[in-house]
Number of protein chains: 2
Amino acid sequence: MGVKVGRQSLQFASPPVINSAAAIVGPKEGNGPLAKTFDKVLPDSYDGEETWEKTERKILTESVQLVLQKANLGAANIDFFFAGDLLNQTITANFAARQLGIPFLGLYGACSTIVEGLLIGGIVIDGGFATNVVSAASSHYGTAERQYRFPTEQGVQRPLYAQWTVTGAGALLVSKEGTGPKITFATVGKVVDLGQKDVTNMGSAMAPAVVDTLIQHLQDTGRVVDYYDLIVTGDLAQVGKKVAQEMAQQKGYDLRAKHTDCGLLIYDAVQDTHAGGSGCGCVAVVMAGYLMQEMQSGKYNRILLIGTGALLSPTSVQQGDSIPAIAHAISIEN
Amino acid sequence: MGVKVGRQSLQFASPPVINSAAAIVGPKEGNGPLAKTFDKVLPDSYDGEETWEKTERKILTESVQLVLQKANLGAANIDFFFAGDLLNQTITANFAARQLGIPFLGLYGACSTIVEGLLIGGIVIDGGFATNVVSAASSHYGTAERQYRFPTEQGVQRPLYAQWTVTGAGALLVSKEGTGPKITFATVGKVVDLGQKDVTNMGSAMAPAVVDTLIQHLQDTGRVVDYYDLIVTGDLAQVGKKVAQEMAQQKGYDLRAKHTDCGLLIYDAVQDTHAGGSGCGCVAVVMAGYLMQEMQSGKYNRILLIGTGALLSPTSVQQGDSIPAIAHAISIEN
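Residues numbered from 1 in each chain as written. Chains lettered and ligands numbered in written order. Predicted model: local features only at pLDDT ≥ 70, side-chain atom pairs only at ≥ 80, totals over all residues. Heavy atoms only, no water.

### Let's talk about the state of the cysteines
Think of a disulfide as a covalent bridge from one cysteine sulfur atom to another cysteine sulfur atom.
Residue and element names in this part refer to chain A.
(1) Moving on: On inspection of all chains with the given rule, the structure shows zero disulfides over all chains.
(2) Moving on: No disulfide involves Cys262; its sulfur sits 5.6 Å from the nearest other cysteine sulfur, which is in Cys282.
(3) Moving on: Given the relative accessible area of 0%, Cys262 is considered buried. (Disulfide = S-S within 2.5 Å. Buried < 20%, exposed > 50% of the residue type's maximum accessible area, 1.4 Å probe, protein only.)

See the structure below:
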């Protein structure tokens, strides 16, 4: 039996294992510094599909098929599939689940979705209800821009603190047994909103939620920042990372030596994405690619992965609401 | 430790208990046959708010506050909050979670959401990770029509097989211990899609998923239809109920003596809703009101509650996709 630890955290009795992972990205991500850590790079933003929505659906599905192939498992070996995305009614995940045929539980946590899925997947396995589950998430620059902002054809200028939605899908296999890194603790976030209303500045809207969850995690588990080799947020990017570090500093936690962000890892400064990457797919592909590989190689042995979600919609913005945000964390350890 | 049973079902080792429930509905639902089973009926569709979206958010929040009040618990006593709704980016649930301050996991399962929340909540409790959780869901006629169909001011004529989105929010408290009805088994659905494309005929799009999950549940658990006092779907309404019963009949399962649907229970035929009710709030308020009360009174002792979700979006429809659907089931027993 697992246990609740403190107010918001969970400790797994038999830590579930991340045995395999797969990441598929778009051309821009394939030109970035993590290019070699991804399994597949699309030749263009459509990859032969008629619409970007269908491309996103295809790569989410393929990322799951790839993770199963790597683990030598079929869809019938997977007990449950946890997924979500940024599109209205999470259609990417729903249609991928239709094609995969795996019993499915749909999630919505904006860019925190992959961590929410790993967290719930871990609970289901540690609770005795499953042997293998897959958690996956995706985003696509074209679908996200169209839905949240402006048609890309319009060429609207983006402020320098805006983030660039990653085109990518990441899938991770979590199992009862195996040799991969283990999910030892999880911290479920609360919704935090300090009143930020600028929808082009997501990083600073999400930073307070990250600090809230991080401090809660450390308090609940009795750990210190230095316990971890790396504290990885996804995705605060340049502006949000700075805000989060300053807020943490004010509360007595110095993150500077340990903190990095998936939105900063995925692009080079010369790629002109402004503040960095974002989107459900960003943290999903960085975790499924780079971070998994660096944990398997032993470069990192203790990671705290904090998925961050901005829980707004265009409607809530039009009605004058500020941007609520959430952050969920999982400890991944060798 | 719980166990997986068959392909898609779970058996709880220490069945979690539904100790309290609360339901708030709109005026139309308050004029229906279940009026007396609800805790609060709104005087009009706005209830003093500026927009329907804010009204929906308010009643979801209040339904949770009410369930806590009934159980004599504070928000600090609730380990986790599971919620979702129909609006883009599930803003109703997100903003309710912001106000409530309970660690939150956002779900999207369209009208199956409340059952998805009870199912995951049950897993979290049985797995040892929580003592009390709340699962809640909501919908609002005004917000759903505006987002999915036409502005209501336009007065577009609805076909007779269309369903009417319920204005309502339901919340249920699930605990490790207590005297209420227990969640004994759960069956996680697969996404099923037989190619239906008519967005005004949701019931028939969802019926195949219901039959798939129901039969899987019976096979996994070794139970028969007659084991249950009531098999309640939410929400197939008139057309979908008939389709589901016919499909089940063809596969050798006669549901007629046991099957009812939340979309049919909630309105009187004279209320001119056409095929009946729908929306995340429909099954949520019927479960939190009528069904809870009839289980507490002992009229029903064994219910199979099947939440049904149509997993489309306006974008997927515009791009020519058919309507994927899912159904999750939980056994609730005294």
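### Some words on empty space enclosed by the protein
Residues and elements named next belong to chain B.
(1) Moving on: Evaluation of the coordinates by the stated rule reveals three cavities of 30 Å³ or more.
(2) Moving on: Roughly 170 Å³ of internal volume is contained in the largest cavity.
(3) Moving on: What lines the largest cavity is a set of 14 residues, among which Leu86, Cys111, Arg149, Met202 and Ala310 lie closest to the centre.
(4) Moving on: Contributions of two or more residues to the lining of the largest cavity are made by helix H5 (141-148) and helix H6 (202-221). (1 Å grid on protein atoms, 1.4 Å probe; cavity = no way out; pocket = protein on both sides within 12 Å on 5 of 7 lines; lining within 4 Å. Points joined across faces, edges and corners; volume = space filled by probe spheres on them. Helix = DSSP H or I, 4+ residues; strand = E, 2+ residues; numbered from the N terminus.)

### Focus: the nonpolar core
(1) Moving on: In this structure, Phe81 and Leu305 of chain A together with Phe81 and Leu305 of chain B are the most contacted members of the largest nonpolar core, which totals 168 residues.
(2) Moving on: In contact with Phe81 of chain B, other than residues within four places in its own chain, are Val64, Ala93, Ala97, Leu100, Ile102, Pro103, Phe104, Leu105, Val134 and Ala136 of chain B. (Core = buried A, V, L, I, M, F, W, Y, C linked by side-chain atoms within 4.5 Å. Contact = heavy atoms within 4.5 Å.)

### What to know about the packing of helix H2 (residues 52-70) of chain B against H5 of chain B
Residue and element names in this part refer to chain B.
(1) Moving on: As a packed pair, H2 and H5 sit with axes 8 Å apart at the nearest point and diverge in direction by 130°. As far as their axial angle goes, H5 and H2 are oblique. H5 is crossed by H2, and the crossing has left-handed handedness. In this structure, H2 contributes Trp52, Glu53 and Glu56 to the contact, and H5 contributes Gly142, Thr143 and Arg146.
(2) Moving on: Across the contact of H2 with H5, the residue classes tally to one nonpolar, two polar and three charged. (Axes fitted to C-alpha atoms, helices over the stretch in contact; angles between N-to-C directions. Parallel < 35°, antiparallel > 145°, perpendicular 65-115°, else oblique. Left-handed = near helix turned anticlockwise from the far one by under 90°. Nonpolar A, V, L, I, M, F, W, Y, C, P; charged D, E, K, R; others polar.)

### Side note on the layout of surface pockets
(1) Moving on: The space that makes up the largest pocket amounts to roughly 810 Å³.
(2) Moving on: Elements with a contribution of two residues or more to the lining of the largest pocket: helix H5 (141-148), helix H6 (202-221) and helix H10 (314-318) of chain A together with helix H10 (314-318) of chain B.
(3) Moving on: Looking at the lining of the largest pocket element by element, the count peaks at five residues for H5 of chain A.
(4) Moving on: Partitioned by chemical class, the residues of the lining of the largest pocket number 20 nonpolar, 15 polar and three charged.
(5) Moving on: Around the second largest pocket sit 17 residues that line it, and Tyr141, Glu145, Arg149, Val156 and Arg158 of chain B are the ones nearest its centre.

### Remarks on the interface of chain A and chain B
Interface size is commonly expressed as the accessible area that is lost once the parts come together.
(1) Moving on: Facing 66 residues of chain A, the contacting portion of chain B comprises 66 residues.
(2) Moving on: A salt bridge links Asp193 of chain B to Arg98 of chain A, with the shortest nitrogen-to-oxygen separation between them at 2.4 Å.
(3) Moving on: Summed over the shared surface of chain A and chain B, the number is 34 residue pairs in polar contact (both at pLDDT 80 or more). (Salt bridge = Lys/Arg side-chain N within 4 Å of Asp/Glu carboxyl O. Polar contact = N/O pair within 3.5 Å; in protein donor to acceptor, adjacent residues only side chain to side chain.)

### Considering the confidence of the model for chain A
(1) Moving on: Of all residues in chain A, 100% have pLDDT values of 70 or greater, and the mean over the chain is 97.
(2) Moving on: Scored as a complex, the prediction yields pTM 0.98 and ipTM 0.97. (pLDDT = per-residue confidence, 0-100.)

### Here's the deal with helix H9 (residues 280-296) of chain B
All names here are of chain B.
(1) Moving on: Across its 17 residues, H9 extends 23 Å between first and last C-alpha, which sits within 8% of the 24 Å expected from 1.5 Å per residue.
(2) Moving on: Counting buried positions over the 17 residues of H9 gives 15, a clear majority of the element.
(3) Moving on: Note on H9: the residue one or two positions beyond its end, Gly298, has a positive phi of about 85°. (Expected span 1.5 Å × (residues − 1).)

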